[in-house]
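Here's the letter readout for the chains.
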Amino acid sequence: MKFSEVNKPVKRVDAYEKVTGKAKFGADLFFPNMLYGKALHSKYPHAQIIKINTEKALTYPGVKAIITAEDIPNNKFGVIIQNQQVLAQEEVLYIGDGIAVVAAETKEAASEAIKLIEVEYKELPGIFDPEEAAKKDAPLIHSELEDNQVVHHRVRKGDVEKAFTQAEVILEREYTTQFVEHSYIEPEAIIAVPYEHNSLVTIYGSIQNPFSCRNAVANVLKVPLNKVRIIQNHMGGSFGGKDEVISSMAARAAVLALKTNQPVKMVNTREESILESYKRHPYKMKYKVGATKEGKLVAMEIKCIADSGAYACQTPFVTWRSVVQATGPYELPSVKTDTYGYYTNNIYTGAMRGYGSPQIVFAQESLMDELADELKMTPLELRLKNIYHNNSITASGQKLDNHQVSLEEVIAKAVKASNYIEKYIEYNKSQLGDKKRGIGMAVSFRGCSLGAEATDAAGAIVAIQRDGSILISSGLAENGEGLKTVFSQIAAEELGVDIKRINYMEVDTSVSPESGATVASRSTLLGGNAVKNAAQQIKRTITEMIADKFKVKSGDLVLRNENIYNKNNNQKIMSFDDAVDLANKLGVFLSAYGWYKAPDISWDEETGQGRPYFTYVYGCQIAEVEVDTATGQIEVLKMVAAHDVGRAINPVTLKGQIYGGIMMALGYGIMEEVEIASGYIKNTNFDEYLIPTIKDMPEIIPIIVENPDPHGPYGAKSIGEPTLELGAPAIANAVAQATGRRIRHLPLNLERVLLGHSLSKGGTKNDIL
Amino acid sequence: MTKLIIELTINGKKKKVETTPSTRLLDLIRDDLHLTGTKEGCGKGECGACTVIMNGELVASCLVLAPQADGAVITTIEGVGDDKGLDPVQEAFIESGAIQCGFCTPGMILAAKKMLEENLHPTEEEIKRGISGNLCRCTGYQKIFDAIRLAADRLSSRDGGRGEEDA
């Protein structure tokens, strides 16, 4: 298939404003009479609030208003379960809970005033371990609930007990992962403007999901959705992170803006951001696998416990993705999987790129290497004996029959590009000196888009202006990944015009069609189809208009290279501009709403059987490392990443996703951990919470594999999250080969590699079994 | 609070600004001069988002107090490139696809520009060192690296055609 705009390395449509500093991010906006908001956070991870006295603070020069939970019309919100407090009412449940928010004429006044707010607490004992929270007699984190369980998901397939009796080799292992911070470089920023353009309140800022933010703010204010308008700005990274924390900030700012009748701007410092914003879930994972001596898997039993922290947030859906994908892409006749989420008084956990997959992929891919060792087989052989192919049946009983199951292809390509087979043999030989090398692989399958979590549909508006320039608006928001560029390419492709004609508008919830959120690596697939649908409607309008006038068949007309041609004789009928002029004269409407609803899916919550996702992507990453066994230092030398994306709409932005995902996975694998001791967060800025710099960057070889999917626009599927879920286990497997020791706990920091246990909180000598 | 007036040349323009002894240069640039291309990411000199060039040196403007900038010559991202066009580093960032969310981009471009002003033939290690103080969470750095390499190649070939590869 030949394309003119898609499948090409088109330059980003937002590049110019970003290289010149003209791009406006949330904190860059200023409004007349604007006040600055600042939140006072809790002093304890768990405490009763006896009294809040704001009198002194109110007298501080420049202070205009202070709000507490009493001032919030509806203090609870949440996307799935509405139990997150906008401001703590009777109890603080985690260290980042807000107590009060000040609005003042200057940032300094707001910062000084919060210090004058007097809060009387009664400190309460907290629960900081989800396994403690799970105990029957555990105190309740949310007193209105019967227990501390947020959710429990199951997958039941075959008879696991019986299957284990038939297994010739059985392995039982436990793996754990850590709290991780998104580390978007732009801290959260929100501005609430009252009574602007017929809306009660307009919210600007770094908002990942404008519609979920609108739901939260309208709910908190107890007003209809059409009174709250959210306009997204350029966003300095999100990775799943600017959702509930931003909704909470937006709600606080909105209440203050309405109370003062002035715009209120709130911008977090990095410390506030790390203290307040939700993290990636730490998991404890127990895996039991049974296999024949020949290496055929016969059964798997899995139990995963996720720490949800103080609130439910996205835990119900995060753990759901985990339950669907927990076995990895391996054929198994018998599976029993349970995933749980529990409330604790730790910082709450939510969406972060990968969304419940990086944890289980770390466990399952470490396990496969351990099993291969046990069976005296190479990791590659064991995987090839068990991976999914076309028509395989997943643990959920789904037959993979509607797309190309390309695991073998991605593995073959990654193996070749990394020289895996030779290097694996070489590094298995004894290595001289302190520095030892290893090579490791990880593979995965990943359901595209939301799956059975929620209704899955998206919309877009394509509007041709009088002069032939084009506006696009969709309900999905650019998060920095290149969505505006990809959507513009799709519209240009369908209309046969140059992408320069197109201007992609920021999401405005009062104009753009509600499309769910830019999450779950769904935007190209869902939103791309919606843009395509809108552009196709306009194309039909144009061809019918011309057919009518020139007495040709509309089906014979094609739009390409800025012109309309008769495809039978390749003759140009008119230019695109002339067609727009004609439409103007005839009064033909050249705008359209596009809509795309994902194919049907199903899920039985009791058995975990059904069709949880309508299609999947497949990936394989291979890591080559060098470990200094004298210091514990890991250097990742090379990462090869082969991903089947269906179709690359833009190979350059796509590779950006691969590079970025790999570096984030590298951080997850060997350096990042939000250190939490009894609910207190110890590392609250980038001097202590270390993320990879360019000096940590290995050689990265991205391999794009294209097996077009019948459902995707031009066959395109997903890339954002798959790139992140494989790196840590691939590195862990490489480190195990290099050192001969298996580390089952992330991150693989210096102490764990050198001493076998972590020196920071949570690490024990039992880290290595 | 004590007020004082400082004078500085920013992006080629002389400015007199009223400020306080404790105001950070970053806040003066963003809040008083409304040059919001300079970003705040950490407030601790760790992330490089607030990078500007002051008196020929790269500085984290969150760590400089406004009075320290009295009499200084400062370049922010708004001063890179001109009416005629973009700076070669900016162009290379666009062409290499080195931009994703764009929040680190101004600091990255200034750091890259400064490095290339001093060394038109940076090695791989020198490029990495040149932007090792700038964090990026989106790109994985690879395309930023590629962009700097591209800009270096172009600038060095303009610079009398020496342009030898020394990566």
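Each value, and the rule that gives it
Here, residues in each chain are numbered from 1, in the same order as that chain's written sequence. Whichever chain is written first becomes A and whichever ligand is written first becomes 1, with later ones labelled in order. It should be noted that, the model being predicted, local features are given only for residues of pLDDT at least 70 and side-chain atom pairs only at 80 or more, the latter also being counted only at that level, while totals for whole chains, interfaces and linings use all residues. Think of the side-chain values as coming from all heavy atoms in the structure, minus any hydrogens and water. Candidates for patches are residues over 30% relative accessible area with no salt bridge; among them, like charges are joined within 9 Å and nonpolar side chains (Val, Leu, Ile, Met, Phe, Trp, Tyr) within 5 Å. Note on areas: these come from Shrake-Rupley sampling with a 1.4 Å probe, and a residue is covered only by the protein chains present in the view. Salt bridges are defined by distance alone: a side-chain nitrogen of Lys or Arg within 4 Å of a carboxyl oxygen of Asp or Glu. Comment: elements are numbered from the N terminus, with helices defined as DSSP H or I runs of at least four residues and strands as E runs of at least two. Every angle, taken between N-to-C directions, lies between 0 and 180 degrees, and every axis is a line fitted to C-alpha atoms, over only the stretch in contact when it is a helix. An angle counts as roughly parallel when it lies under 35 degrees, as roughly antiparallel when it exceeds 145, as roughly perpendicular when it falls between 65 and 115, and as oblique in every other case. Left-handed describes a crossing in which the near helix is turned anticlockwise from the far one by less than a right angle; the clockwise case is right-handed. The contact definition used throughout considers only heavy atoms, calling two residues in contact when any of these lie within 4.5 Å. As a working rule, the residues Ala, Val, Leu, Ile, Met, Phe, Trp, Tyr, Cys and Pro are called nonpolar, Asp, Glu, Lys and Arg charged, and the rest polar, with Gly in that last group. Domain limits in this description derive from either an automatic procedure or a database domain assignment. A 1.4 Å probe defines the accessible area here, and the buried area is the portion of it lost by two parts on being joined, summed over both. Take the residue count of a helix, subtract one, and multiply by 1.5 Å to get its expected span. Buried, partly exposed and exposed residues are distinguished by accessible area as a fraction of the type maximum, computed with a 1.4 Å probe on protein chains only: under 20%, between the cut-offs, and over 50%, respectively. Directions drawn from the helix axis to the C-beta atoms are what define this arc. In this scheme, strands are said to pair when DSSP sees at least two bridges between them. To form a nonpolar core, buried Ala, Val, Leu, Ile, Met, Phe, Trp, Tyr and Cys residues must be joined to one another through side-chain atoms within 4.5 Å. Any pair of N or O atoms that falls within 3.5 Å is considered a polar contact. Within protein, one atom must be able to donate a hydrogen and the other to accept it, and sequence-neighbouring residues count only if both atoms are side-chain atoms.

Bringing a nonpolar patch on the surface into the picture now. Together, L754(A), L755(A) and L759(A) make up an exposed nonpolar region whose accessible area comes to about 270 Å². Within the element layout of this structure, L755(A) appears in the segment after α19 (750-754).

Further remarks concern the packing of helix α2 (residues 88-95) of chain B against helix α5 (residues 142-158) of chain B. The axes of two packed helices give the description: the angle between them and the distance between them. Residues and elements named next belong to chain B. Two numbers describe how α2 lies on α5: the axes approach to 8 Å, and their chain directions differ by 135 degrees. Between α2 and α5, the angle is such that the two are oblique. Between α2 and α5 lies a crossing whose hand is right-handed. Contacts between α2 and α5 involve P88, V89, A92, F93 and E95 on the former and, on the latter, I144, A147, I148, L150, A151, R154, L155 and R158. Here the contact of α2 with α5 is built from residues that sort into 10 nonpolar, no polar and three charged.

All names here are of chain B. When its domains are assigned, chain B resolves into domain 1 (4-79) and domain 2 (88-158). In this structure, domain 1 and domain 2 have C-alpha centres spaced 22 Å apart. Across the boundary between the two partners, domain 1 contributes 17 residues, which contact 11 residues of domain 2. Buried area between domain 1 and domain 2, both sides added, is near 1100 Å², and the carbon and sulfur share of it is 69%.

Residue and element names in this part refer to chain A. Between helix α17 (residues 651-670) and helix α18 (residues 727-739), whose axes approach to 8 Å, the crossing angle comes to 50 degrees. Here α18 runs oblique to α17, going by the angle between their axes. Between α17 and α18 lies a crossing of right-handed hand. Contact residues: α17 offers A665, L666, Y668, G669 and I670, while α18 offers G727, A728 and I731.

Residue and element names in this part refer to chain A. Between its first and last C-alpha, helix α12 (residues 407-418) extends 16 Å over 12 residues, near the 16 Å set by a 1.5 Å rise per residue. Inspection of α12 places L407, V410, I411, A414, V415 and S418 among the buried residues, and these make up the whole buried set. For α12, the arc enclosing every buried residue in end-on projection is 130 degrees, short of the 170-degree limit, so these residues lie on one face. Where α12 is buried, its residues meet α11 (379-386), α13 (420-428), β18 (435-447), β28 (616-628), β29 (633-644) and β32 (699-705). In the segment just after α12, N419 is the residue with positive phi, at about 60 degrees.

Below, the discussion takes up the pairing of strand β15 (residues 283-291) of chain A. Residues and elements named next belong to chain A. Bridging between strand β10 (residues 169-176) and β15 involves eight bridges; their strand directions are antiparallel. Considered in β15, the bridge of V169 is made with A291. As defined by bridge partners, β15 adjoins strand β16 (residues 297-309) across nine bridges and the pair is classed as antiparallel. Across the sheet, M285 pairs through a bridge with C304, a residue of β16. Counting the residues between successive antiparallel strands, the hairpin from β15 to β16 contains five residues, one of them, G295, with a positive phi of roughly 90 degrees.

This next bit is on the environment of T68(A). Residue and element names in this part refer to chain A. As for its position among the elements, T68 is in strand β3 (residues 63-68). Distance from T68 to N198, taken between C-alpha atoms, is 27 Å for residues 130 residues apart in sequence. Residues in contact with T68, not counting those within four places in the same chain, are I52, T54, L87, I99 and A100.

Right, let's get into the nonpolar core. Ranked by size, the top nonpolar core spans 210 residues in total, and within it I203(A), Y287(A) and F93(B) carry the most contacts. Beyond its immediate sequence surroundings of up to four residues, Y287(A) is in contact with L171(A), E172(A), R173(A), Y175(A), M300(A), E301(A), I302(A), A326(A), I360(A), A363(A), Q364(A) and L367(A).

Residue and element names in this part refer to chain A. What the seven strands build is an open sheet, ordered β3-β7-β1-β14-β11-β12-β13; its pairing is mixed. In this open sheet, the two edge strands, each paired with only one partner strand, are β3 and β13 (228-232). Averaged over all neighbouring strand pairs, the angle between strand axes comes to 20 degrees, with direction disregarded. Sheet analysis places strand β11 (residues 189-194) next to strand β14 (residues 264-267), joined by four bridges and oriented antiparallel. What sits directly across from I190, in β14, is M266. Sheet strands in contact with helix α3 (residues 107-115) are β1 (35-41), β3 and β7 (98-104), and its direction is about 25 degrees off that of β1. Its contacts with the sheet place helix α7 (residues 244-260) against β1, β3, β7, β11, β12 (201-205) and β14, and it is angled at close to 30 degrees to β11.

At the interface, 49 residues of chain A touch 45 residues of chain B. Of the roughly 4000 Å² buried between chain A and chain B, counting both surfaces, carbon and sulfur atoms make up 63%. On the chain A side of the contact with chain B, V19(A), I185(A) and I694(A) bury the most area, a combined 19% of that side's loss. The tally of links between chain A and chain B comes to six salt bridges. Linking D687(A) and K44(B) is a salt bridge whose minimum nitrogen-to-oxygen distance equals 2.9 Å. At the junction of chain A with chain B, the criterion picks out 20 residue pairs in polar contact (both at pLDDT 80 or more). Counting residues per element, the ones that place at least two in the side of chain A that touches chain B are α1 (15-19), α8 (270-276) and α17 of chain A. Broken down by element, the residue count for the side of chain A that touches chain B peaks at eight residues, all from α17(A). Residues of the side of chain A that touches chain B, tallied by class, amount to 22 nonpolar, 14 polar and 13 charged.

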